[in-house]
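So the chains spell out like this:
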Amino acid sequence: MHPKLLVKLSNTIGLVSIILLMYWIFAFISIEVFGFKIFRENMTETFYLSIVGILALLAGALMINVMFNLTRIAEKHNGDGPERNTPQVKRLIWGFVLSFPLLFLLLFLGDFLSSRKKENMLVKTATTLIQEHPKQIGQLLNYSFDKNWLREMDEVMTLLAKKDEHFPEIHLIVKDTINASSFYLHFDSYYYSSKDTIPPVKQDYIFKTDQAERDYLDKIFTEGHTENRFTAHDGNYELFFPLRRDGKVFVFYFADYQNYGKFGS
């Protein structure tokens, strides 16, 4: 192969490798900073391991340096002058620069679709839970803050949690009063002993919320709204699933966390 062609081929391979590596690092930084969850578990692990590509970037810089020296030697040997900047080169540069916002948009879209898929899964889980376990759900909805109900609640929650190893965290939210003030309580388990003589305390079950969550729960329990509330942030997924039965209002709260998305092979 002619040395000039060899130098051009080496430059092309090196330049393409560096550009691809820049895209890879840009995607990695975007995913880490904005908490995008896109790829499935194995692909995510592989993607994170690719941080070692930074070392390849340093090696690539050295390789490009050597290639440019080879180019200068080839140009001097063949009497070639440096290539001039053309409109085609400018278009390629602008295309390269504008491709980064496009890549970010694709990452954002992948995260959005992954969140929607997670929301559908949680809604399906809640719906199936109510349809397949009417007796257990009835026990939960027969709310009364005493040891008997808390023990029944613990048995039901334990049963549901063991149904599937990937079952999300689930709580039952109710509205109750403490010292004549309204509070939201949540229940998922109850630790007790047959020798325990201390009565349960409502304060131990207060559901800590932010303003947006309180506004939502107020609409459900006070204003009669029935819509679900789903939130996703940095791999944390939450679903509030209200249920009205026999004049009573309850909210099932599902929480799940994943450090990877739902798309990919």
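Residues numbered from 1 in each chain as written. Predicted model: local features only at pLDDT ≥ 70, side-chain atom pairs only at ≥ 80, totals over all residues. Heavy atoms only, no water.

Participant: I would appreciate a short explanation of the overall build of the protein in the present structure.
Facilitator: Broken down by element type, the protein carries seven helices and five strands. Along the protein, helices and strands appear, N-terminal first, in the series α-α-α-α-α-α-β-β-α-β-β-β. Residues counted as buried form 35% of the 265 residues belonging to the protein. When contacts within the protein are restricted to residue pairs at least 6 apart in sequence, those whose partners lie at least 24 apart make up 63%. Here the protein displays about 17000 Å² of accessible surface, and carbon together with sulfur accounts for 60% of that area. (Helix = DSSP H or I, 4+ residues; strand = E, 2+ residues; numbered from the N terminus. Buried < 20%, exposed > 50% of the residue type's maximum accessible area, 1.4 Å probe, protein only. Contact = heavy atoms within 4.5 Å. Areas by Shrake-Rupley, 256 points an atom, 1.4 Å probe, with all protein chains shown as cover.)

Participant: Hey, could you run me through the packing of aromatic side chains in this one?
Facilitator: Think of a pair of aromatic rings as described by two things: how far the centres are apart, and how the planes are tilted against each other in angle. Under the counting rule described, the total for this entry stands at 13 aromatic pairs. Judged by centre distance (5.0 Å) and plane angle (75°), the ring pair of Phe26 and Phe100 falls under edge-to-face. In this pair, Phe26 sits in helix 1 (residues 3–34) while Phe100 sits in helix 4 (residues 87–132), placing the two residues 74 residues apart along the sequence. On the basis of relative accessible area, Phe26 is assigned to the partly exposed category, the value being 25%. Centroid distance Trp149 to Phe187: 5.0 Å. Interplanar angle 80°. Geometry classified as edge-to-face. With Trp149 in helix 6 (residues 147–161) and Phe187 in strand 2 (residues 181–187), this residue pair connects regions lying 38 residues apart in the sequence. As far as burial versus exposure is concerned, Trp149 and Phe187 are alike and both buried. (Phe/Tyr/Trp six-rings, centres within 6.5 Å; stacked < 30°, edge-to-face > 60°.)

Participant: What should I look at first to understand a negative patch on the surface in this one?
Facilitator: There is a patch of like negative charges on the surface, built from Asp210, Asp215, Asp218 and Glu223. As for its placement among the helices and strands, Asp210 is situated in the loop between strand 2 and helix 7 (211–221). (Patch = residues over 30% accessible without salt bridge, like charges linked within 9 Å, V, L, I, M, F, W, Y side chains within 5 Å. Salt bridge = Lys/Arg side-chain N within 4 Å of Asp/Glu carboxyl O. Lys, Arg positive; Asp, Glu negative; His and termini not counted. Charge placed at Lys NZ, Arg CZ, Asp CG, Glu CD.)

So yeah, pure geometry; function would need other evidence.
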